[in-house]
Amino acid sequence: MFKRFLMFFLTFTVLFNCSVTEKPEFLKLDNIQVVDSNSKNITLKADAFFLNKNDVGGTLKTDDLKVYINDLQVASVISDEFDVPKRENFTIPLTVNVPTDSIVSDKNLGSLLSSLLSQSLKVHYNGEIKYKIMGYSSTYTVDEIQNVKLKF
């Protein structure tokens, strides 16, 4: 009887003293850059910055995040679930490989030539990052555009 009371008391104390009041805060998507480029692929990387004020973690997933180069959809960011750390700032790296032939099209030829002359690409991350914890889920909307310098 005493053990049951003690377990109930400890569970009750832990549940009501932990901070689970809000989802982690999405701060920004930044540091979009070309990590590698060659004749077959362009590798892009961006960092999604978050702040988790809670005593519990959860997971983040990026299945619905699209990447556009010069207004042409070229890839989707697909990653494994990322474990959210408790009570700290954290960053999720979003890396995507884009085949160079997906950038070249009749509709995009003018902007591609302009990009080659200016040595920069207009990169647009658009979509959602999903947060899950104990049966609760929420989404963050991502819509970030940056001009990124090409590496030759």
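Not measured: the values here are computed from a predicted model.

**Re the pattern of salt bridges**
Then comes step 1: Across all of its chains, the model carries six salt bridges by this definition.
Then comes step 2: Taking the shortest distance from any N to any O, the salt bridge between Lys45 and Asp47 comes out at 3.0 Å.
Then comes step 3: Taking the relative accessible area as the measure of exposure, Lys45 reaches 23% and is therefore partly exposed.

**Some words on the packing of aromatic side chains**
Then comes step 1: All told, the structure shown has five aromatic pairs when counted by the stated rule.
Then comes step 2: Where Phe50 meets Phe90, the ring centres are 5.3 Å apart and the plane angle is 10 degrees; that geometry is what we call stacked. Of this pair, Phe50 sits in strand β2 (residues 41-52) while Phe90 is found in strand β6 (residues 88-99), placing the two residues 40 residues apart along the sequence.
Then comes step 3: Judged by its relative accessible area of 0%, Phe50 is buried.

**With respect to the sheet that holds β6**
Then comes step 1: Read across the sheet, three strands follow the order β1-β2-β6 without closing on themselves; strand pairing throughout is antiparallel. The open sheet has two edge strands, β1 (25-37) and β6, and neither has a second partner. Between one strand axis and the next, the sheet turns through 20 degrees on average, direction left out of account.
Then comes step 2: As defined by bridge partners, β1 adjoins β2 across nine bridges and the pair is classed as antiparallel. When the sheet's bridge partners are listed, Lys28 is paired in β2 with Phe49.

**Some thoughts on the pairing of strand β4 (residues 72-77)**
Then comes step 1: Here strand β3 (residues 59-69) pairs with β4 via five bridges, running antiparallel. Paired with Lys66 across the two strands is Ser76, which belongs to β4.

**Some points on the nonpolar core**
Then comes step 1: Formed by 32 residues in total, the largest nonpolar core has its most connected members in Leu44, Leu60, Val67, Val123 and Tyr125.
Then comes step 2: Mapped onto this core, the elements with two or more residues apiece are β1, β2, β3, β4, β6, β7 (120-133) and β8 (136-149).
Then comes step 3: Tallying contributions element by element places β7 first for this core, with six residues.
Then comes step 4: If near-sequence neighbours (up to four positions away) are discounted, Val67 is found in contact with Leu44, Leu72, Gln73, Val74, Ala75, Val77, Val96, Val123, His124 and Tyr125.

**Some thoughts on the environment of Glu128**
Then comes step 1: For Glu128, the position within the fold is in strand β7.
Then comes step 2: With a relative accessible area of 29%, Glu128 lands in the partly exposed category.
Then comes step 3: Setting aside residues up to four positions removed in sequence, Glu128 forms contacts with Lys61, Thr62, Asp64, Leu65, Thr139 and Tyr140.

**Points about the environment of Glu81**
Then comes step 1: Within the element layout of this structure, Glu81 appears in the loop between β4 and β5 (82-83).
Then comes step 2: A relative accessible area of 44% places Glu81 in the partly exposed class.
Then comes step 3: In this structure the C-alpha to C-alpha distance between Glu81 and Thr59, which are 22 residues apart in sequence, comes to 6.0 Å.
Then comes step 4: In this structure Glu81 touches Thr59, Leu60, Lys61 and Lys132, once residues within four positions along its chain are discounted.

Analysis parameters
Residues numbered from 1 in each chain as written. Predicted model: local features only at pLDDT ≥ 70, side-chain atom pairs only at ≥ 80, totals over all residues. Heavy atoms only, no water. Salt bridge = Lys/Arg side-chain N within 4 Å of Asp/Glu carboxyl O. Buried < 20%, exposed > 50% of the residue type's maximum accessible area, 1.4 Å probe, protein only. Phe/Tyr/Trp six-rings, centres within 6.5 Å; stacked < 30°, edge-to-face > 60°. Helix = DSSP H or I, 4+ residues; strand = E, 2+ residues; numbered from the N terminus. Pairing = 2+ DSSP bridges. Axes fitted to C-alpha atoms, helices over the stretch in contact; angles between N-to-C directions. Core = buried A, V, L, I, M, F, W, Y, C linked by side-chain atoms within 4.5 Å. Contact = heavy atoms within 4.5 Å.

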